[in-house]
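Residue-level listing of the chains:
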Amino acid sequence: MDKKYTCPKCGHQNEMSDDALKAVGHSIICPNCQSILKIEGNYAYMPLDDEEKKELIMTEDEKNETPPPFKAPQTHTTAPSIAQITGTQHDPIFAQAVEYVKTCNAISVPMLAHYFNVPTDRATHLMHELEKEGIVGPYNGGGPREILIEHNTNVPMGIKRTFAEDQETQALLDRLKEENGGEFPKIRTYGCNCSTLIIILFAILILSYIFAK
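These numbers were taken from a predicted model, which means no experiment stands behind them.

Visitor: Lay out helix 8 (residues 163–179) in plain terms, naming residues and giving numbers.
Guide: If you check helix 8, its first and last C-alpha atoms are 24 Å apart, about what 17 residues at 1.5 Å a residue would give, namely 24 Å. By the burial criterion, the buried members of helix 8 are Leu172, Leu173 and Leu176. Buried residues in helix 8, looked at end-on, bunch into an arc of 100 degrees, giving them a common side. One or two steps after helix 8, the chain reaches glycine 181, where phi turns positive at roughly 70 degrees.

Visitor: Could you give me a rundown of the nonpolar core, with the residues and numbers involved?
Guide: Within the largest apolar cluster, 21 residues are counted, with the highest numbers of intra-cluster contacts made by Ile107, Leu112, Phe116 and Leu130. Only helix 5 (94–101), helix 6 (109–116) and helix 7 (120–132) provide two or more residues apiece to this core. Those residues in contact with isoleucine 107 that lie beyond four places of it in its chain are Tyr100, Val101, Leu112, Met127, Val136, Pro144, Arg145 and Ile147.

Visitor: Before we move on, could you go through the side chain of glutamate 129 and cite the residues and values that matter?
Guide: Mapped onto the elements, glutamate 129 comes out in helix 7. For the buried glutamate 129, no salt bridge exists, and the shortest N-O distance to an oppositely charged side chain is 8.0 Å, to arginine 122. In contact with glutamate 129, other than residues within four places in its own chain, are Ala83, His90, Asp91 and Phe94.

Visitor: Let's hear about the pairing of strand 1 (residues 2–6): which residues, and what values?
Guide: Here strand 1 runs beside strand 2 (residues 13–17); their pairing, made up of 5 bridges, is antiparallel. Note that in strand 2 the partner of lysine 4 across the bridge is glutamate 15. The turn joining strand 1 and strand 2, which pair antiparallel and follow one another in sequence, is formed by 6 residues; a positive phi near 85 degrees is taken by glycine 11.

Visitor: Tell me what's going on with the environment of histidine 12, and back it up with residues and numbers.
Guide: Counting through the fold element by element, histidine 12 comes out in the loop between strand 1 and strand 2. Using a relative accessible area of 31% as the deciding quantity, one classes histidine 12 as partly exposed. It is 6.6 Å that separates the C-alpha atoms of histidine 12 and asparagine 32, two residues lying 20 residues apart in sequence. Excluding residues within four positions of it along the chain, histidine 12 makes contact with Tyr5, Thr6, Cys7, Cys30, Pro31 and Asn32.

Visitor: Kindly report on the packing of helix 6 against helix 7, identifying the contributing residues and their values.
Guide: Running from N to C, helix 6 and helix 7 point in directions that differ by 115 degrees, and their axes come no closer than 8 Å. Considering the relative orientation of helix 6 and helix 7, their crossing is right-handed. On helix 7, the residues touching Val109, Leu112, Ala113 and Phe116 of helix 6 are Thr120, Ala123, Thr124, Leu126, Met127 and Leu130. For the contact of helix 6 with helix 7, a count of residues per class yields 8 nonpolar, 2 polar and no charged.

Criteria and thresholds
- Residues numbered from 1 in each chain as written.
- Predicted model: local features only at pLDDT ≥ 70, side-chain atom pairs only at ≥ 80, totals over all residues.
- Heavy atoms only, no water.
- Helix = DSSP H or I, 4+ residues; strand = E, 2+ residues; numbered from the N terminus.
- Expected span 1.5 Å × (residues − 1).
- Buried < 20%, exposed > 50% of the residue type's maximum accessible area, 1.4 Å probe, protein only.
- Arc of directions from axis to C-beta.
- Core = buried A, V, L, I, M, F, W, Y, C linked by side-chain atoms within 4.5 Å.
- Contact = heavy atoms within 4.5 Å.
- Lys, Arg positive; Asp, Glu negative; His and termini not counted.
- Salt bridge = Lys/Arg side-chain N within 4 Å of Asp/Glu carboxyl O.
- Pairing = 2+ DSSP bridges.
- Axes fitted to C-alpha atoms, helices over the stretch in contact; angles between N-to-C directions.
- Left-handed = near helix turned anticlockwise from the far one by under 90°.
- Nonpolar A, V, L, I, M, F, W, Y, C, P; charged D, E, K, R; others polar.

What follows is the structure, given as structure tokens:
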């Protein structure tokens, strides 16, 4: 009785009896695609050639060879976040990060890491939290992310500040305001625009801070 064997390469069905298979050593040639097929039981398969066998054979040296170190993408991290460790919704500096983002034109993980003086992993988790809350845009290939909330677009790009420096500046502003009856000292502008006013005020604050030390 003839049996049907399907060629795994072209799908053509070949018929051959058990006696005929024994006579040809259980090997047949598919008349449709000319592939050599090996028959075992009710199945037909294509035997590997020498080159394919070499690719599948792994020597003991290759098995014991130490693989190169894996480098994970910079935009992902497997370390647990501070929020996960503490069991809170956000990183403890999340609120300060939102305020910092409001003073930027764009934001990146290195900027967060520098500003708060924290490791890159923590800054990455912080960026993910900002993205989840709709404060910054999605990952865009490694460049600075778009800020989706209202923010100050007058701040020049590239200004490097730190949280500690901003805290010192704010303390200086609070002291200056306190020393002047709860108000900042009035400055005659003589027609200066807002940008000039800000520069003059900032210069006065710096000088006050220097001479106060």
